[in-house]
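# Geometric and topological summary
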Amino acid sequence: VSVSPGQDIRPVGVDIEAGKEILAAGTVLGPSEIGLLAMLNHPRVDVVPHPRVTVLSTGDELLDIGEASASRKRPHSIIDSNRLMLRAQLASVQGAATIQDGGIVRDDYGALRERMKQLLSTSDVIITTGGVSMGEKDYVQDVLEELGT
């Protein structure tokens, strides 16, 4: 087998031109991107974790999915479909967030305040559904103001 000088050898810079952007800000790092960074001898890069998003529902009228038979015991109740729909919508955006289920909190100021305090320590974003009209027991806005958010 004869080999000529320079055969099958690629000069530096053939793969990627000097000064060319390798990965744009906001790129989700998967196996290919990590391999590329290693090939280019970049042992460290600045990254931002996915935001932790919690979806929380409030209201005495809400039933969790699977509790439909309980509606006979609690007239005027409805299935909490908003929380499930919002979680599914967030999940459909791949790599956008880590989604947490905040459950349902009844129309009780103290219970809502405690749940919000807990969620604020484990969430970057809290999406609430219910409890924001100006009804007598709609406490979300008051609790958020008290907690300084």
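It should be emphasised that the depicted structure is a prediction, and the values quoted were computed from it without experimental measurement.

A word on the pairing of strand β1 (residues 52-58). For β1, the buried fraction is high: six of the seven residues fall into the buried class. The pairing of β1 with strand β4 (residues 98-105) spans seven bridges and is parallel. Each bridged residue has a counterpart across the sheet, and for R52 the counterpart in β4 is T98. The sheet contact formed by β1 and strand β5 (residues 125-129) spans five bridges and is parallel.

For the rest of this paragraph, the subject is the sheet that holds β1. Pairing between the strands of a sheet comes from backbone hydrogen bonds, and it takes one of two forms, parallel or antiparallel. Read from one edge to the other, the open sheet built from three strands follows the order β4-β1-β5, with strand pairing classed as parallel. The outermost strands of the open sheet, each flanked by one partner alone, are β4 and β5. Taking the axes of each pair of neighbouring strands and ignoring which way they run, one obtains an average angle of 20° across the sheet. Strands in contact with helix α2 (residues 81-91) are β1, β4 and β5; relative to β4, the strand with the most contacts, it is inclined by about 175°.

Moving on: the nonpolar core. If you look at soluble globular proteins, the nonpolar side chains tend to sit buried side by side. If you look at the biggest cluster of nonpolar residues, it comprises eight residues: L56, V105, L112, M116, L119, Y139, V140 and V143. Listing elements by their share of this core, those giving two or more residues are α3 (109-122) and α4 (140-146). Take this core: its biggest share by element is three residues, from α3. What L112 contacts, discounting residues up to four positions off in sequence, is L56, T58, V105, Y139, V140 and V143.

Okay, unusual backbone geometry next. Of note, the phi angle at D8 is positive, near 60°, even though the residue is not glycine. Despite not being glycine, N41 has its phi angle at roughly 60°, a positive value. Following the sequence through the fold, N41 ends up in the loop between α1 (31-39) and β1.

What follows covers the pattern of salt bridges. Tallied over the full model, the rule gives seven salt bridges. With its nearest N and O atoms 3.2 Å apart, the salt bridge here joins R52 to D124. Here D124 lies in the loop between α3 and β5 and R52 lies in strand β1, a separation of 72 residues in the sequence. Salt-bridge contacts for E114 lead to R113; the nearest nitrogen and oxygen are separated by 3.4 Å.

Basis of the calculations
Residues numbered from 1 in each chain as written. Predicted model: local features only at pLDDT ≥ 70, side-chain atom pairs only at ≥ 80, totals over all residues. Heavy atoms only, no water. Buried < 20%, exposed > 50% of the residue type's maximum accessible area, 1.4 Å probe, protein only. Helix = DSSP H or I, 4+ residues; strand = E, 2+ residues; numbered from the N terminus. Pairing = 2+ DSSP bridges. Axes fitted to C-alpha atoms, helices over the stretch in contact; angles between N-to-C directions. Contact = heavy atoms within 4.5 Å. Core = buried A, V, L, I, M, F, W, Y, C linked by side-chain atoms within 4.5 Å. Salt bridge = Lys/Arg side-chain N within 4 Å of Asp/Glu carboxyl O.

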